[in-house]
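# Coordinates in review
This is what each chain is made of:
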Amino acid sequence: MTELESLPNELLIYILKFLDSTDVIKVAQTCKRLLQICQAEILWQHLCQRVLYHYGKFQGFWKLPGNAYGMLVHIKVENGQIVGHVIQPPLSWNVVDPVRLKPLFIITVRDNECVVLCRQGCSAQIKMESEKATFKCETCLGDNKFPHISEQILLAWLEEELESLRGNFDQRMLRHFLQGNVSFLHRIYNLAEQTRYWSSLQLTKVPEPRGFSISPVTPGIFKGTYGSHGLEFVQITLSEDGYTLLGNKLTGDPNVPAGETSLYIDLRQPIRLTTDEQRNIDSLKECYCPYSSSSISV
């Protein structure tokens, strides 16, 4: 037993509080006892407070205004760090499939100071004013040569993007292709993952949803299918009087851009349709609509 292991748990936790989160993780890998101590909630609460003191207000959902396609970003505390992810829809067009999380930045503690790192590991900046935040990485913005991406990362990325072709995915052929085209694939990767685009963002906070017990749909963020544009994110909110549900797009397309209203429901006058009336578009057009003098507009 080392001298460090002979110390009581309380003293070990006190010592670990002076380390940053990455060093605590390294200590946890040394032995079973230190692993248990490094998992103590009080230790991670302390580490989080050191980060949250300046950046805790960033937690939550954020959107990218002024862009037709938009963007949905989620910022949360994870293992003593604040982590920002870009939320992307599943590769399939099935709304029940889980979303994909793409790293955007992390805020961690090094030498008792908060450090912001972009998804490429470069030093970055993030600022917040009122309900708006600005994220910028000068290194990625000013340099066309991005940090080296390993073959393993490229393989994992390509396999994810080619999910629909999983049955025909040949690892050996892809590795052979990689050996002679790594620089080309780096360019494709950076373009597809929007590395430079994600290096300078001006985000707006997504407001917390308000809901009432009378609402048939709990307000929140939903996935919706928009024809050939695939899955997009919509925020469903309830009006203050509780009579109207609005669906505003967080991500969009040229037809209905992000930020536009995609759904409007008046809860005071529901339309009850039979199975036959819902069978096709033509039958829906013949149904009486209380908001119109004639029929439903489809």
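Residues numbered from 1 in each chain as written. Predicted model: local features only at pLDDT ≥ 70, side-chain atom pairs only at ≥ 80, totals over all residues. Heavy atoms only, no water.

This is how the line gets drawn: UniProt positions are given in the numbering used here, feature names are shortened, and annotations may be inferred rather than shown by experiment.
The name an unreviewed UniProt entry gives the chain is F-box domain-containing protein, with Pomacea canaliculata as the organism. Quoted verbatim from the Pathway (unreviewed entry) field of the UniProt record, the comment on the chain reads "Protein modification; protein ubiquitination." Its UniProt record, at the heading Sequence similarities (unreviewed entry), says of the chain: "Belongs to the FBXO31 family."

### Quick word on the overall build of the chain
Our working rule: Helical segments are the DSSP runs of H or I of at least four residues, strand segments are the runs of E of at least two, and each set is numbered from the N terminus. In this scheme, a residue with accessible area under 20% of its type's maximum is buried, one over 50% is exposed, and one in between is partly exposed, where area comes from a 1.4 Å probe on protein chains only. Areas reported as accessible are Shrake-Rupley estimates using a 1.4 Å probe. Residue values count occlusion only from the protein chains shown.
Looking only at helices and strands, the chain has eight helices and twelve strands in total. Looking at the chain as a whole, 36% of its 298 residues qualify as buried. Working note: accessible area of the chain is about 18,500 Å², and carbon and sulfur atoms make up 52% of it.

### Side note on the state of the cysteines
Formally: The term disulfide is used for any two cysteine sulfur atoms that are within 2.5 Å.
On inspection of all chains with the given rule, the structure shows zero disulfides. With no disulfide of its own, Cys118 has Cys137 as its nearest cysteine by sulfur position, at a separation of 3.7 Å.

### Quick word on the sheet that holds strand 8 (residues 200-205)
Rules: The rule for pairing is simple: two strands pair if DSSP sees at least two bridges between them. Every axis in this analysis is a line fitted to C-alpha atoms, fitted for helices over the stretch in contact. Angles between the N-to-C directions lie between 0 and 180 degrees.
The strand order across the open sheet built from eight strands is 5-4-3-2-1-8-7-6, with neighbouring strands paired in antiparallel fashion. The open sheet is flanked by strand 5 (113-118) and strand 6 (125-129), the only strands paired with a single partner. Averaged over all neighbouring strand pairs, the angle between strand axes comes to 25°, with direction disregarded. Examined bridge by bridge, strand 2 (residues 72-78) and strand 3 (residues 81-88) share six bridges and lie antiparallel to one another. Note that in strand 3 the partner of Ile75 across the bridge is Gly84.

### With respect to a nonpolar patch on the surface
Basically, it comes down to this: Patch definition: residues with relative accessible area over 30% and no salt bridge; like charges joined within 9 Å; nonpolar side chains (Val, Leu, Ile, Met, Phe, Trp, Tyr) joined within 5 Å. Definition used for salt bridges: Asp or Glu carboxyl oxygen within 4 Å of a side-chain nitrogen of Lys or Arg.
Among the surface-exposed residues, Leu4, Leu11, Tyr14, Ile15 and Phe18 lie close enough to one another that they form a single nonpolar patch of about 480 Å² accessible area. Structurally, the position occupied by Leu11 is in helix 1 (residues 9-16). The exposure class assigned to Leu11 is partly exposed, which follows from its relative accessible area of 37%.

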